[in-house]
Amino acid sequence: QVQLVESGGGLVQAGGSLRLSCAASSSMYTMGWFRQAPGKEREFVAAISRSGGRTDYAESVKGRFTISRDNAKNTVYLQMNSLKPEDTAVYYCAANPDYVASSWRTYVYWGQGTRVTVSS
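Residues numbered from 1 in each chain as written. Predicted model: local features only at pLDDT ≥ 70, side-chain atom pairs only at ≥ 80, totals over all residues. Heavy atoms only, no water.

## Some words on the overall build of the chain
Within the chain, the regular secondary structure consists of zero helices and 11 strands. In sequence order, the secondary structure elements of the chain are arranged as β-β-β-β-β-β-β-β-β-β-β. Against the globule reference of 14 Å for 120 residues, the chain gives a C-alpha radius of gyration of 13 Å, in line with a compact fold. With the principal axes as the frame, the chain shows a C-alpha extent of 40 × 30 × 25 Å. Counting across all 120 residues of the chain, residues that qualify as buried make up 48%. Here the analysis covers contacts within the chain between residues at least 6 apart in sequence; of these, 57% occur between residues at least 24 apart. Approximately 6,100 Å² of the chain is accessible, and the part contributed by carbon and sulfur atoms is 46%. Each charge class in the chain was averaged separately, 13 positive and 9 negative side chains, and the resulting centres sit 2 Å apart. (Helix = DSSP H or I, 4+ residues; strand = E, 2+ residues; numbered from the N terminus. Rg over C-alpha atoms; globule rule 2.2 N^0.38 Å. Buried < 20%, exposed > 50% of the residue type's maximum accessible area, 1.4 Å probe, protein only. Contact = heavy atoms within 4.5 Å. Areas by Shrake-Rupley, 256 points an atom, 1.4 Å probe, with all protein chains shown as cover. Lys, Arg positive; Asp, Glu negative; His and termini not counted. Charge placed at Lys NZ, Arg CZ, Asp CG, Glu CD.)

This is how it looks when you write it as C-alpha cells:
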C-alpha cells in the first residue's frame, strides 16, 4: 500500500503559476499526475519514471508544466506555468509499479486530489 498526499492547489489568475506536491510513502514507483474537470473524464497530465530519467506529458501541457521528483523526500512535483482557465480541475497524484504510462488504468494508488482553479 502506498499513501499519496497532494498539496499546493489553489486559485490563480490566468498566466500565473502553481507548484503541486505529492508526498508518497515510497519512492519505488513511477508517478503520474492526472486531472479531472467538472463533467469531464479524468485525463493524463504528466508522468515520471522511478529514477526521474524519463518523463511524459500530455500535449496540452507540454512546454508549460514540468514534472520532477526528489526521491530523498519521497515527493513528486508538478510545476505549472502559464496557466489557462482550461487547466481548472482537481489534480490527482498516482503511483504505478511499472513503466511510465498515460492511461489512468495503469496506476494502482491514488491521492485524494487537490483543486486548481484558474480565473480568466
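## Let's talk about the packing of aromatic side chains
Applying the stated criterion across every chain, the model contains five aromatic pairs. A ring pair is formed by Tyr29 and Tyr109, whose centres lie 5.8 Å apart and whose planes are at 90 degrees; its orientation type is edge-to-face. Residue Tyr29 is located in the loop between β3 (18–24) and β4 (30–36), and its partner Tyr109 is located in strand β10 (residues 109–110); the two are separated by 80 residues in the primary sequence. Residue Tyr109 is classed as buried on the basis of its relative accessible area, which comes to 18%. With 5.1 Å between their ring centres and 55 degrees between their planes, Phe34 and Trp110 make a pair best called tilted. Note that Phe34 is positioned in strand β4 and Trp110 in strand β10, a separation of 76 residues in sequence. Residue Trp110 is classed as partly exposed on the basis of its relative accessible area, which comes to 25%. (Phe/Tyr/Trp six-rings, centres within 6.5 Å; stacked < 30°, edge-to-face > 60°.)

## Comments concerning the pattern of salt bridges
Overall, the coordinates contain four salt bridges when judged by the stated rule. Residue Arg35 pairs with Asp87 through a salt bridge whose shortest N-O separation is 2.9 Å. On the criterion of sequence distance, the pair formed by Arg35 in strand β4 and Asp87 in the loop between β8 (75–80) and β9 (89–96) is long-range, its members being 52 residues apart. With respect to class, Arg35 is no different from Asp87; both count as buried. The salt bridge involving Glu59 is made with Lys62; its shortest N-O contact spans 2.8 Å. (Salt bridge = Lys/Arg side-chain N within 4 Å of Asp/Glu carboxyl O.)

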